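# Residue-level structural notes
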Amino acid sequence: MSAPALPAAPLNLLSIQSWVSYGHVGNAAAMFPLQCLGIEVWAVNTVQFSNHTGYGAWTGAVFAPELVAELLDGIEARGVLPGCSGVLSGYMGSEGTVAAVVAAVSRVRQASPGALYCCDPVMGDVGRGVFVRPELPELIGAQAIPAADIVTPNQFELELLTGRRVDTLEHALEAARALRERLNPGGPRIVVVTSLVRQDAPAGVIETLAVTGEGAWLCRTPLIDLDPPRNGTGDAIAALFFGQYLRTGGDVARALSLSMSALYALLDLTHRLGTREIQLVAARDEYAAPRRVFGAEQVS
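Figured I'd write up the structure that's included with this text.

This part takes up the overall build of the chain. Secondary structure summary: the chain contains 8 helices and 12 strands in total. Along the longest, intermediate and shortest principal axes, the C-alpha atoms of the chain span 60 × 55 × 40 Å. Taking all 300 residues of the chain together, 53% fall into the buried category. Taking the intrachain contacts of the chain between residues at least 6 apart in sequence as the baseline, contacts between residues at least 24 apart amount to 68%. Looking at the chain as shown, the accessible area adds up to about 13000 Å², and 52% of this sits on carbon and sulfur atoms. Taking the 21 positively charged and 29 negatively charged side chains of the chain as two groups, their mean positions are separated by 4 Å.

Next comes the structure, spelled out in structure tokens:
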């Protein structure tokens, strides 16, 4: 009897984000869903806090931006960078961190030319406004966006990055296309607009829009009234979409459908359990194969 076939080697991602010991934001929100998708995550943490800052009080430390390059030195010394499929970044708390992330992307691409960079430009949200240092939106727009192959802004961040109002589907498409022109010219140039709430949408829904050079797709799920909004959902969205995009061989519509269906299941469970933190572990069976699938409709 022949030995069973070995599984395919997993994809490898470098994820540069914040870390919390309690709860799920940053790498603590991105790593586990990616691992459930069968992806190895090389985590580089830019901070380590006791909990996310939404509580108003926390302990811990912000790490020096130089640590990103130092940790990448150690990973590179293992000889594994040629096997890196991509880089994922989230909250960047300082000018130095933005520069360090962009430099890390460049180093990964030198070793692995096909590696993609997914940038979640964490800067603010509707109702909260800008919650990063005042200089960061301009720096992220000038340095990280031109290096990115995929960006996952929420509706507020799309408006901030483009200077355009987004309140209808046509406005969202126009703004996403404008942002797409600023992305890495050698990549797929994908803009994923999350938490889209527009005037011309049906009542009681929330949408995610993916815009590429081949078209645009919209995935609509029921709006779950989470008050306060749960921290870490944007980090989970970026990880789920990027992971599914890589797993499906670049099928944007399928990646959008699967990732948003998984996110809906995660938020629905969080809502039903009434917890302050997203129920990332309890929803583990939903990431690779969501039980309720919301399709992605081509709109352009």
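Here the focus is the nonpolar core. L14, I16, M92, Y117, V151 and L209 are the most contacted members of the largest nonpolar core, which totals 48 residues. Of all the elements, helix 3 (residues 95–111) adds the most residues to this core, at 7 residues. For V151, the contacting residues outside a window of four places in its chain are C119, I145, L179, L183, I190, V191 and V192. Core analysis: the second largest hydrophobic core is formed by 43 residues, L226, A238, M260 and A283 among them.

As a further point, take the packing of aromatic side chains. This model, assessed by the stated rule, comprises 5 aromatic pairs. Aromatic side chains Y22 and Y55 sit 6.4 Å apart centroid to centroid with 50° between the ring planes, which places their arrangement in the tilted category. Separated by 33 residues along the polypeptide, Y22 in the loop between strand 1 (12–20) and helix 1 (27–36) and Y55 in the loop between strand 2 (40–49) and strand 3 (60–62) bring together distant segments of the chain. Classification of Y55 by relative accessible area gives partly exposed; the value is 36%.

This next bit is on the pairing of strand 2. One face of the sheet, then the other: side chains in a regular strand alternate in exactly this way. In terms of strand pairing, strand 1 meets strand 2 through 8 bridges, oriented parallel. Note on strand 2: the bridge partner recorded for I16 is V44. Between strand 1 and its parallel partner strand 2, the chain crosses via helix 1, and the hand of that crossover is right-handed.

Turning our eyes to something else, we now look at the packing of helix 7 (residues 233–247) against helix 8 (residues 252–273). Between helix 7 and helix 8, the shortest axis-to-axis distance is 8 Å and the interhelical angle comes to 145°. The handedness of the crossing between helix 7 and helix 8 comes out as right-handed. Touching T233, A236, I237, L240, F241, Q244 and Y245 of helix 7 are V252, A255, L256, L258, S259, M260, A262, L263, L266 and L267, all from helix 8. Taken together, the residues of the contact of helix 7 with helix 8 sort by class into 14 nonpolar, 3 polar and no charged.

Residue position: Q279 is located in the loop between helix 8 and strand 12 (296–298). A polar side-chain atom of Q279 sits 3.0 Å from a polar atom in the side chain of T275.

Along the chain, D227 connects to P228 via a cis peptide bond; the corresponding omega equals 5°. With a phi angle near 50°, R189 is a residue other than glycine that sits in the positive phi range. Counting through the fold element by element, R189 comes out in the loop between helix 6 (169–180) and strand 9 (190–196). With relative accessibility at 16%, the residue R189 sits in the buried group. One non-glycine residue, S195, adopts positive backbone phi at about 50°. Tracing the backbone through its elements, the reader meets S195 in strand 9.

Let us look at the sheet that holds strand 2. Spatial ordering of the open sheet is given by 3-2-1-4-5-8-9-10-11-12, a layout of 10 strands whose pairing is mixed. Each edge of the sheet is formed by a strand with only one pairing partner; in this case those strands are strand 3 and strand 12. Strand direction decides the pairing type here: strand 5 (residues 116–119) and strand 8 (residues 150–151), joined by 2 bridges, are parallel. Residue pairing for strand 8: C118 is matched across the bridge by I150.

Considering the arrangement of structural elements, one finds N27 in helix 1. For the pair formed by N27 and P134, sequence separation is 107 residues and the distance between their alpha carbons is 24 Å. If we skip the residues at most four places from it in the chain, N27 touches S15, Q17, S18, W19, A43, V44 and N45.

For the rest of this paragraph, the subject is helix 8. Under the 1.5 Å per step criterion, the end-to-end length of helix 8 is 31 Å for 22 residues, consistent within 8% with the ideal 32 Å. Of all 22 residues in helix 8, 17 are buried, a share of seventy percent or more. Its side-chain oxygen at 3.4 Å from the backbone nitrogen of A253, D251 defines the N-terminal cap of helix 8. Directly after helix 8, the chain includes G274, whose backbone phi takes a positive value near 65°.

Definitions and limits used
Residues numbered from 1 in each chain as written. Predicted model: local features only at pLDDT ≥ 70, side-chain atom pairs only at ≥ 80, totals over all residues. Heavy atoms only, no water. Helix = DSSP H or I, 4+ residues; strand = E, 2+ residues; numbered from the N terminus. Buried < 20%, exposed > 50% of the residue type's maximum accessible area, 1.4 Å probe, protein only. Contact = heavy atoms within 4.5 Å. Areas by Shrake-Rupley, 256 points an atom, 1.4 Å probe, with all protein chains shown as cover. Lys, Arg positive; Asp, Glu negative; His and termini not counted. Charge placed at Lys NZ, Arg CZ, Asp CG, Glu CD. Core = buried A, V, L, I, M, F, W, Y, C linked by side-chain atoms within 4.5 Å. Phe/Tyr/Trp six-rings, centres within 6.5 Å; stacked < 30°, edge-to-face > 60°. Pairing = 2+ DSSP bridges. Right-handed = clockwise from strand over helix to strand, strands pointing away. Axes fitted to C-alpha atoms, helices over the stretch in contact; angles between N-to-C directions. Left-handed = near helix turned anticlockwise from the far one by under 90°. Nonpolar A, V, L, I, M, F, W, Y, C, P; charged D, E, K, R; others polar. Polar contact = N/O pair within 3.5 Å; in protein donor to acceptor, adjacent residues only side chain to side chain. Expected span 1.5 Å × (residues − 1).

Function-wise, these values are silent; they only describe arrangement.
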